[in-house]
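# Structure at a glance
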Amino acid sequence: MTERLRIAIVGAGSIGCYVGGKLLAAGTTEVVLIGRPRLRDELSTHGLTVKDFDRAVTIPASQVVVETDVRAPAVAACDAVLVCVKSAQTEEVGAQLAGVLRPEAVVASLQNGVRNADTLRAALGDRRVLATIVSFNVVSKGDGLFHRAMSGPLMLEACDEPRPRALVRALAAAGLDVEERADLAPDQWTKLVINLNNAISALSGAPTQQLLLSPGYRRILGAVCSEALAVLRAAKIKPARLRGVPLRVMPTVMRLPTPLVRLVTRTQMRVDPEARSSMWEDLTRGRPTEVDYLNGEIVRIAERSGVAAPLNRRIVELIHAAERAGPGSPGLDAATLWTTIAGP
Ligand SMILES: NC(=O)c1ccc[n+]([C@@H]2O[C@H](COP(=O)([O-])OP(=O)(O)OC[C@H]3O[C@@H](n4cnc5c(N)ncnc54)[C@H](OP(=O)(O)O)[C@@H]3O)[C@@H](O)[C@H]2O)c1
């Protein structure tokens, strides 16, 4: 292995450009971004700016390498690949990577949902594939600016082999708050339950902070979470605690008065007023969402376990209807959203 780790970011969008930009700013690794031609044009005009709350760093366009094909020679030469595409694209990207990657390359899935690492493992055979959890939020602001709008760690499956170790060191050197877990699955289930909020954000168009500070939206978040936890219980799946707190208290927290919720969320994480879910971003840009891998996962487990999940099922339907309706969030206020999901 060369001293400077060569990292390919496959799927350079919000997460890929943010993590890639942090790695580039740290200057300890070689980085190639694999993205769409529109991203290449954006970064070649504006460079790549990564912003953490109030602090921004710009990497000049001349130092940002963007390829538009996963099968580019630069990917074939990589020591590590960070897969940052949406879940529906994982299988395709896995098959493309299988054709080019060296056997010793390590691959990490920086994606939501609980299936992506397994999908990559199925495509990539013996290569080491690590699941990860991106606990923070990144918003793409245009003109090459990627704004981190929420605090939280990057969690990885622990692995003692040299390339995964080198990758963890590189991510930590880039200023990411890296945490390793022997078994990441319980945390992935916790993240999935938290990500059920993404659909509420997408259907309402409201930023995360507004959702948390509105009793009407909190009622929906609490009910959806409560249903999902009952489904996971029926399937004997145990989600991890969230920053030390059992997830089962979340529906109760959602019912607290707003000043108390403000206090509780402040002790748990920092949420920028600009934070919004990537599902909202998908709807506003007219792209397919990951709802089938989030709320849809709860519906699938409910079916398998013989229990009902009417709220999550209805949310899946509503998001698909919004996808078909074309670019834009339906912008449903809390009362309308509640009756649309739960009935009058
Ligand atoms: N954004 C967040 O704050 C956040 C936080 C935590 C976790 N996550 C998770 O991280 C993953 C990535 O999310 P994201 O928000 O970063 O998504 P994103 O902004 O949509 O970025 C993915 C990018 O990859 C591109 N892409 C897909 N297939 C490609 C290919 N074969 N070659 C080149 N480019 C390709 C997509 O283009 P097209 O759209 O044209 O296909 C898109 O621009 C998701 O699983 C998400 O749930 C996101």
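About the criteria used
- Throughout this description, residue numbers start from 1 for each chain and increase along the sequence as written.
- Reporting of local features is limited, given that this is a predicted model, to residues whose pLDDT is at least 70; pairs of side-chain atoms are given and counted only at 80 or more, and all residues count toward the totals for whole chains, interfaces and linings.
- Side-chain descriptors were evaluated using all non-hydrogen atoms of the structure, hydrogens and water having been removed beforehand.
- When DSSP locates at least two bridges between a pair of strands, those strands are taken to pair.
- A run of H or I in DSSP counts as a helix once it spans at least four residues, and a run of E counts as a strand once it spans at least two, with each numbered from the N terminus.
- Only the stretch in contact is used when fitting a helix axis, every axis being a line fitted to C-alpha atoms; angles between N-to-C directions are given from 0 to 180 degrees.
- What makes two residues a contact is simply this: any of their non-hydrogen atoms within 4.5 Å.
- Any angle between 65 and 115 degrees counts as roughly perpendicular, while under 35 counts as roughly parallel, over 145 as roughly antiparallel, and the rest as oblique.
- In this scheme the crossing of two helices becomes right-handed for a clockwise turn of the near helix relative to the far one and left-handed for an anticlockwise turn of less than a right angle.
- Only Asp, Glu, Lys and Arg are considered charged in this grouping, and only Ala, Val, Leu, Ile, Met, Phe, Trp, Tyr, Cys and Pro are considered nonpolar; every other residue, Gly among them, is considered polar.
- Relative accessibility under 20% of the residue-type maximum defines a buried residue, over 50% an exposed one, and the middle range a partly exposed one, all with a 1.4 Å probe and only protein chains included.
- Between rings of Phe, Tyr and Trp, where Trp is taken as its six-membered ring, a pair exists when centres lie within 6.5 Å; planes separated by under 30 degrees are stacked, by over 60 edge-to-face, and by other angles tilted.
- Two conditions define a charge sitting above a ring: the NZ of Lys or the CZ of Arg must be within 6 Å of the ring centre, and it must be within 35 degrees of the ring normal.
- Here a salt bridge means any side-chain nitrogen of Lys or Arg lying within 4 Å of a carboxyl oxygen belonging to Asp or Glu.

Taken in spatial order, the four strands of this open sheet run S4-S3-S10-S9, and their pairing is mixed. Edge positions in the sheet fall to strand S4 (55-59) and strand S9 (138-142), since each of these pairs with one other strand and no more. Each adjacent strand pair in this sheet contributes to an overall mean axis angle of 20°, direction not counted. Sheet topology note: the strand S3 (residues 48-52)/strand S10 (residues 145-148) ladder contains four bridges and is parallel. Considered in S10, the bridge of Val50 is made with Phe146. Those strands touched by helix H1 (residues 14-26) are S3, S4, S9 and S10, and its axis lies near 95° from that of S3. Each of S3, S4, S9 and S10 is contacted by helix H2 (residues 37-46), which is oriented at about 95° to S10, the strand it contacts most.

Bringing the packing of helix H10 (residues 215-234) against helix H16 (residues 334-342) into the picture now. Orientation of H10 relative to H16, taken along the N-to-C sense of each, is 30°, at an axis distance of 8 Å. The angle between H10 and H16 falls in the class roughly parallel. Handedness of the H10/H16 crossing: left-handed. On H16, the residues that touch Gly216, Tyr217, Arg219, Ile220 and Ala223 of H10 are Ala334, Leu337, Trp338 and Ile341. Here the residues of the contact of H10 with H16 are counted per class, giving seven nonpolar, one polar and one charged.

What follows concerns the pairing of S3. Among the five residues of S3, four are classified as buried, and the element is accordingly described as predominantly covered. By the bridge criterion, five bridges tie S3 to S4 in an arrangement that is antiparallel. The residue of S4 that forms the bridge with Val50 is Val57. Remark: two residues form the turn of the hairpin made by S3 and S4, two consecutive strands paired antiparallel; Phe53 in that turn has positive phi of roughly 50°.

For the coordinates displayed, the defined rule picks out one aromatic pair. Sitting over the face of the ring of Trp280, Arg276 holds its NZ or CZ atom 4.1 Å from the ring centroid.

Okay, the pattern of salt bridges next. Using the criterion set out here, one finds 21 salt bridges in the structure. Ionic pairing is found between Arg4 and Glu30, a salt bridge with its closest N-O pair at 2.8 Å. Within this pair, whereas Arg4 is found in the segment before strand S1 (6-10), its partner Glu30 is found in strand S2 (residues 30-34), the two being separated by 26 residues in sequence. You can call Arg4 partly exposed: its relative accessible area is 38%. Across the pair Glu104 and Arg102 runs a salt bridge whose closest N-O atoms are separated by 3.5 Å.

Attention now goes to unusual backbone geometry. A positive phi angle, near 50°, is found at Asp143, a position not held by glycine. When you line up the elements, Asp143 lands in the loop between S9 and S10. Given a relative accessible area of 54%, Asp143 falls into the exposed group. Look at Lys236: it is not a glycine, yet its phi comes out positive at around 60°. Of note, Lys236 is situated in the loop between H10 and helix H11 (250-254).

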